[in-house]
Amino acid sequence: MSVHATVLQGLNDSVTNRQIYFAFALMSYLVTILVNLTLILTVCLDKALHQPMYIFMCNLCFTGLCGASSFYMKLLLDLLAGAHLITYTGCLTQVFFTHVYILCQMTSLTVMAYDRYLAICQPLHYWALMTGQKVALLLLLTWCLTLLETAIGTVLIVRLSFCSHRMARIFCSNWEVVKLSCSDTTANNFYGIVIIILHTLQMIIILVSYMHLVRSAARSRTDRRKFVQTCSPHLASLLVFSFSVLFDSFYSRYGGSSMAALQNALSAEFLVVPPIVNPIIYGMNLHHIRIRIRLWFTTEKPQRAFSK
């Protein structure tokens, strides 16, 4: 590695309004921490919510918090500093945690779609199929697959030699780092295709699950109510996350240099929007979560709240 530090040129336009950007970024990060920790603690502290759907939801919020932290912590430091530099190790670390976030979110959403399929399409067999051991196994597989995918991608980056140290972004990403290389990146490109195929298969699993869910909801009023209450937040999270990641992918490869400040802000959408929106979506749409959160901020007795 011939480059020991990288200049993040995406922050060049922030020099004149650095305090404003810092205040906005800090507020966004604090809100992200608040909404995610509120949801996670609500589930952890209430035994009645120790159910597969809520556990998977906590995992989604935790990965969102990790992804947001990998972005905001470096961004806030850069906004306070005069030079927008990131070390080679720091850049690899940010790439690693960013991709853990992306890949784990996608796999978690797939697992959640499977859970909703069992709960609505096979309600009589749900607790026999979705046991505590099965939940633990699905979480273990989610994280093992994610860490394996990310580790391979990181190793493929480490072997590269770099000829440039200027990145036109406000954070390090896999593709932007690869573009700085003057080595052969065929293996990186091939691995990228493998990852796309793997997670396209996950999207197919989600689509097939929703085909069965919609069919079941169309036949039964009870299933329709369950679908609206529990699947609509999952579907909203999936759409927000997918749109954000696709936008960043297209921008990284085909984005121009005009309106660079706006494009850099929008390119970070997948690290900003889903982590702050997902817990709000679930908190607003899931009845028991909404009631438990309300109990945290009121003196109303649980029995009275649940009777409404």
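Residues numbered from 1 in each chain as written. Predicted model: local features only at pLDDT ≥ 70, side-chain atom pairs only at ≥ 80, totals over all residues. Heavy atoms only, no water.

Caption draft 1: View of a nonpolar patch on the surface. Taken together, the side chains of I193, I197, L201, I204, V208 and M211 define a hydrophobic patch exposed on the protein surface, amounting to about 550 Å² of accessible area. Position of I204 among the secondary structure elements: in helix α7 (residues 186–219). (Patch = residues over 30% accessible without salt bridge, like charges linked within 9 Å, V, L, I, M, F, W, Y side chains within 5 Å. Areas by Shrake-Rupley, 256 points an atom, 1.4 Å probe, with all protein chains shown as cover. Salt bridge = Lys/Arg side-chain N within 4 Å of Asp/Glu carboxyl O. Helix = DSSP H or I, 4+ residues; strand = E, 2+ residues; numbered from the N terminus.)

Caption draft 2: Spatial organisation of the packing of helix α1 (residues 18–45) against helix α2 (residues 52–80). With their axes 9 Å apart at the nearest point, α1 and α2 run at an angle of 160° to one another. Judged by the inter-axis angle, α1 sits roughly antiparallel to α2. Between α1 and α2 lies a crossing whose hand is left-handed. (Axes fitted to C-alpha atoms, helices over the stretch in contact; angles between N-to-C directions. Parallel < 35°, antiparallel > 145°, perpendicular 65-115°, else oblique. Left-handed = near helix turned anticlockwise from the far one by under 90°.)

Caption draft 3: Looking closely at the pattern of salt bridges. Using the criterion set out here, one finds 4 salt bridges in the structure. For R116, the salt bridge goes to D115, with nearest N and O atoms at 2.9 Å. The class of D115 is buried, set by a relative accessible area of 1%. Here E176 and K179 are joined by a salt bridge, their closest N and O atoms 3.2 Å apart. Here E176 pairs with K179, and both are found in helix α6 (residues 174–179), just 3 residues apart, close to one helical turn. You can call K179 partly exposed: its relative accessible area is 44%. (Buried < 20%, exposed > 50% of the residue type's maximum accessible area, 1.4 Å probe, protein only.)

Caption draft 4: Looking closely at the side chain of T110. Position of T110 relative to the elements: it lies in helix α3 (residues 88–121). Setting aside residues no more than four positions away along its own chain, T110 makes contact with Q202, I205 and I206. (Contact = heavy atoms within 4.5 Å.)

Caption draft 5: Spatial organisation of the packing of α2 against α3. Between α2 and α3, the least distance of the axes is 9 Å, while the angle of their chain directions is 160°. Looking at the two axes, α2 sits roughly antiparallel to α3. In terms of crossing hand, the pair formed by α2 and α3 is left-handed. Here P52, M53, F56, M57, N59, L60, T63, G64, G67, S70, F71 and K74 of α2 lie close against α3, whose contacting residues are Q94, F97, T98, Y101, C104, Q105, S108, L109, V111, M112, D115 and R116. Residue classes in the contact of α2 with α3 are distributed as 12 nonpolar, 9 polar and 3 charged. (Nonpolar A, V, L, I, M, F, W, Y, C, P; charged D, E, K, R; others polar.)

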